[in-house]
Amino acid sequence: MEVISAPEAMTAWSEARRKQDRRIALVPTMGYLHDGHLSLIRWAVERAEDAVVSIFVNPTQFGPQEDFGAYPRDMERDLALCRRAGTRVVFAPEVEDMYPAGFQTVVSVKEVSRPLCGATRPGHFDGVATVVTKLFTIVRPHWGVFGEKDYQQLLVIKRFTRDLNLGVEVVGRPTLREPDGLAMSSRNKYLTPEQRPSALSLSRSLALAEELVAKGEREAESILRKIRDMIEATPGTEIDYAELRDPETLVQVNRVDKPALLALAVKVGRARLIDNRIIG
Ligand code: AMP
């Protein structure tokens with residue numbers, strides 16, 4: 001396994017592989033890898049001749065009051081996990097490699113970036129879209145592999161990849177969970193043992209919503225009220241949003257007459273957790 005930090009060296013590596021008709025799958029990550037990331041890497045290793053994992057904590061997708069500085073990092077462990085999973089290259093650039101002096105370009109997706117995390121984390125998806133565009137143009141993969149846990153992010157990435165003709169097939173993969181249902185996330189590290197049970201309010205809400213719809217409930221307002229009540233009754237939680245939206249357009253839905261996306265963002269202590277499920 002090679003570790004490459006210079007974008008030019010990464011592109012040269014990919015160009016050489018492409019000339020040999022080898023297909024490349026890229027798994028972009030911010031590191032501190034868990035089994036969710038590894039499930040994406042495994043998909044890449046199985047599907048493509050060359051699996052590339054990028055590890056880059058991207059400053060431009062964090063707000064000024066957010067956890068960029070505190071975000072957990074463990075490069076040695078990440079490299080060992082990537083190597084063991086069969087990764088060919090880890091692309092791990094420095095911030096100055098990605099954003100050299102004078103950098104001033106932003107990729108911005110208008111509609112699907114607006115609600116949910118776009119509303120509560122202004123500028124977040126501009127940062128995501130810009131860095132993933134750069135990763136796609138630097139690594140030149142055939143596939144980009146992403147998790148459905150970040151559902152809105154996946155929609156944003158699919159949108160600009162198509163709009164800008166980047167020629168990458170964007171693949172979404174299911175959310176991996178802890179045995180008790182908590183979606184795996186690098187930010188779960190922020191949870192104290194006392195807060196850990198409260199974090200289950202997210203996955204429990206998703207199950208409750210599914211149950212309500214299965215029993216015949218269709219009114220979004222009623223479903224969301226029950227979910228909010230349940231989360232608010234859980235100690236140490238603060239709801240960022242709990243919304244039902246169209247899974248393709250992210251337009252708000254009033255009735256669950258067809259499958260709808262239930263999207264949640266909840267602060268538990270200093271961890272801001274997200275989760276989602278298509279219900280109905
Ligand atoms: P991150 O390092 O948090 O930016 O995540 C890197 C990639 O892993 C993104 O495409 C995420 O959606 C995906 N991912 C994060 N958590 C999970 C999970 N629990 N299951 C599957 N994929 C995940």
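Above this note sits the structure.
Residues numbered from 1 in each chain as written. Predicted model: local features only at pLDDT ≥ 70, side-chain atom pairs only at ≥ 80, totals over all residues. Heavy atoms only, no water.

**Quick word on the site of the ligand**
Phase 1 of the analysis: Close to the ligand lie 17 residues; His 37, Gly 147, Asp 150, Leu 176 and Met 184 are nearest.
Phase 2 of the analysis: Measuring from an oxygen atom of the ligand, one finds a side-chain N or O atom of His 37 at 2.9 Å.
Phase 3 of the analysis: Backbone polar atom of Gly 147 to an oxygen atom of the ligand: 2.9 Å apart, as the coordinates give it.
Phase 4 of the analysis: Residue assignment for the shell around the ligand shows that the elements contributing at least two residues are β2 (24–29), α2 (35–47) and β5 (143–147).
Phase 5 of the analysis: The biggest single contributor to the shell around the ligand is α2, with three residues.
Phase 6 of the analysis: Taken together, the residues of the shell around the ligand break down into eight nonpolar, seven polar and two charged. (Near = heavy atom within 4 Å. Polar contact = N/O pair within 3.5 Å; in protein donor to acceptor, adjacent residues only side chain to side chain. Helix = DSSP H or I, 4+ residues; strand = E, 2+ residues; numbered from the N terminus. Nonpolar A, V, L, I, M, F, W, Y, C, P; charged D, E, K, R; others polar.)

**Focus on the packing of aromatic side chains**
Phase 1 of the analysis: By the definition in use, this model includes six aromatic pairs.
Phase 2 of the analysis: Ring geometry for Phe 62 versus Tyr 71: centroids 5.9 Å apart, planes at 75 degrees, classification edge-to-face.
Phase 3 of the analysis: Exposure remark for Phe 62: the relative accessible area of 10% places this residue in the buried category. (Phe/Tyr/Trp six-rings, centres within 6.5 Å; stacked < 30°, edge-to-face > 60°. Buried < 20%, exposed > 50% of the residue type's maximum accessible area, 1.4 Å probe, protein only.)

**Observations concerning the sheet that holds β5**
Phase 1 of the analysis: Spatially, six strands are ordered β1-β4-β3-β2-β5-β6 in an open sheet, and the strand pairing comes out parallel. Edge positions in the sheet fall to β1 (2–4) and β6 (169–173), since each of these pairs with one other strand and no more. Going from strand to strand, the sheet's axes swing by 25 degrees on average, the running direction of each strand aside.
Phase 2 of the analysis: The pairing of strand β3 (residues 50–55) with strand β4 (residues 89–91) spans three bridges and is parallel. (Pairing = 2+ DSSP bridges. Axes fitted to C-alpha atoms, helices over the stretch in contact; angles between N-to-C directions.)

By themselves these figures say nothing about function.
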